[in-house]
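# Geometric and topological summary
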Amino acid sequence: IGGDVVVVTVNHRLNALGYLYMPDRFPDSGNTGQLDLILALQWVQRNIVAFGGDPKNITVFGQSGGGAKIATLMAMPSAKGLFHKAITMSGQQVTASGPLNAAKRTAAFLAKLDGADPATVPVEQLVAALSAIDPILGGGVYMGPVLDMRNLHRHPFWPDAAPQSLDIPMMLGNTILETRAFYAPGGKQLTGLNFDNLAERVAPEMRIDAHPDWVVREFRARYPKAEPVELFHRIVTTARSWRGQVIEAEERAKAGAPAFVYQLDFEQGKHTDDIGLSFGTVPNPSPAQSAMSKTVMDAFVRFAHTGNPGWKPYSLKRRDTMIFDTVSRVENDPRQWERELFARVPYIQPGT
């Protein structure tokens, strides 16, 4: 990254290593991955001057799970004062895992270990046990931050944006077709996909309880030329991924500390596409990709220096959103009808 900044990447425990909830044995379990990040930020505070950095101007930024962890840090008392700006890229944490559901996930995980002690088994065995079926969501067992009332006392963005971090400038971003990265063309969801089975296929993937036939009809009316696979990604992206970001942006606006919002449309952006653009590491970039990367990097660096990436913050009246594309521009309330369509249905953060 150019622009006179020092970039520090950190390691931390993931999945069962960082979030397996066993409070009777390990009081901080359920959030040890978060506590790793807090230790890393404390190290940065103590040492970054030696690398040319400013401990009074620390920006944290992360993508997907990294963004969700940053959103969670913004509600953790022990993280207060350790960073001064935040960018979340396709990663939201409206609510954390509840302790009762986290305990059910631990039980499913331990059953997969078949009586072995997770504190002593080889790490390969812990990773293999993640194939346990999640008792709440289905699929592989989810491990994420837990509302343990010890390290995390409230949900990050429910019922509002965590007050402790309202003084921290925040930038929220998502890509237009996140789920293009989630489903293999030859996988069960997309193989043989057509208009006759589209509603059936999107129903479990939306992660909300909305009438799938109605949703498909609405999207087909808006995108009459779109093929089923495009509609699948548009529907699931909006319902499952983008919805959480909209909620976070709305809660910041309601609190009088609005965030800056971007949307990556470039090359019909999929999940993770903004990583290479923000670091300038797109392999063998085309001229258009190089130009897009420079635009994104300039916005990120400006935000890190000033707390303003170069466009107006998100308000409930205008919903200003920077559209990163071949011709980047700010739009007011992009995808308004999609936002309003899904706003009729309650949203529950996957994993909660």
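Rules used in this analysis
- Residues numbered from 1 in each chain as written.
- Predicted model: local features only at pLDDT ≥ 70, side-chain atom pairs only at ≥ 80, totals over all residues.
- Heavy atoms only, no water.
- Pairing = 2+ DSSP bridges.
- Helix = DSSP H or I, 4+ residues; strand = E, 2+ residues; numbered from the N terminus.
- Axes fitted to C-alpha atoms, helices over the stretch in contact; angles between N-to-C directions.
- Contact = heavy atoms within 4.5 Å.
- Expected span 1.5 Å × (residues − 1).
- Buried < 20%, exposed > 50% of the residue type's maximum accessible area, 1.4 Å probe, protein only.
- Arc of directions from axis to C-beta.
- Patch = residues over 30% accessible without salt bridge, like charges linked within 9 Å, V, L, I, M, F, W, Y side chains within 5 Å.
- Areas by Shrake-Rupley, 256 points an atom, 1.4 Å probe, with all protein chains shown as cover.
- Salt bridge = Lys/Arg side-chain N within 4 Å of Asp/Glu carboxyl O.
- Polar contact = N/O pair within 3.5 Å; in protein donor to acceptor, adjacent residues only side chain to side chain.
- Phe/Tyr/Trp six-rings, centres within 6.5 Å; stacked < 30°, edge-to-face > 60°.
- Lys NZ or Arg CZ within 6 Å of the ring centre and 35° of its normal.
- Core = buried A, V, L, I, M, F, W, Y, C linked by side-chain atoms within 4.5 Å.

Right, let's talk about the sheet that holds strand β1 (residues 59-63) for a bit. With mixed pairing, six strands are arranged side by side in an open sheet as β1-β2-β3-β4-β5-β6. With one partner strand each, in any of the chains shown, β1 and β6 (329-332) form the two edges of the open sheet. The sheet shows a mean angle of 20 degrees between the axes of neighbouring strands, direction not considered. In the packing of helix α10 (residues 287-306) onto the sheet, the strands contacted are β1, β2 (85-89), β3 (170-175), β4 (260-264) and β5 (320-324), and the crossing angle to β2 comes to about 150 degrees.

Moving on, we come to helix α4 (residues 99-113). With 15 residues, α4 extends 21 Å between its outermost C-alpha atoms, agreeing within 8% with the 21 Å of an ideal straight helix rising 1.5 Å per residue. Considered for burial, the residues of α4 that qualify are N101, A102, R105, T106, A108, F109 and L113. Taken end-on, α4 shows its buried residues confined to a sector of 165 degrees, consistent with a single buried face. Seen from the buried face of α4, the exposed residues on the opposite side, beyond 90 degrees, are L100 and A111. D114, located one to two residues past α4, shows a positive phi value of around 55 degrees.

Turning to a nonpolar patch on the surface, a few remarks are in order. A cluster of nonpolar side chains, V6, V8, V10, W43 and F51, forms an exposed patch at the surface whose accessible area comes to about 430 Å². Checked against the element boundaries, W43 lands in helix α2 (residues 32-47). Accessibility expressed as a relative area gives 37% for W43, which makes it partly exposed.

With that settled, the discussion passes to the environment of R335. As for its position among the elements, R335 is in the loop between β6 and α11 (336-342). Looking at R335, the relative accessible area reads 12%, which means it is buried. As a C-alpha pair, R335 and Q45 span 290 residues in sequence and 40 Å in three-dimensional space. Once residues lying within four places of it in the same chain are set aside, the contact partners of R335 are I176, T237, T238, W242 and Q263. In this structure the side chain of R335 is engaged in a polar contact, spanning 3.4 Å, whose partner is the side chain of T238.

The next subject is the packing of aromatic side chains. By the definition in use, this model includes twelve aromatic pairs. An aromatic cluster of at least three residues, connected via ring pairs, comprises F61, Y262, F279, F300, W311 and F324. Positioned above the aromatic ring of F195, the side-chain terminus of R220 is 3.6 Å from the ring centre. In this structure, R335 packs its charged tip against the face of W242, placed 3.9 Å from the ring centre.

All right, on to the nonpolar core then. With 58 residues, the main nonpolar core has F83, V215 and F342 as its most contacted residues. Of all the elements in the fold, those that place two or more residues in this core are α2, α3 (65-73), β3, α6 (198-202), α7 (212-222), α8 (228-254) and α11. Ranked by the residues each element gives to this core, the list is headed by α8, at nine residues. Residue contacts for F83: discarding those within four places in its chain leaves L41, I58, V60, L73, M74 and I168. The next biggest cluster of nonpolar side chains, apart from the first, holds 17 residues, and it includes M171, F260, F266 and W311.

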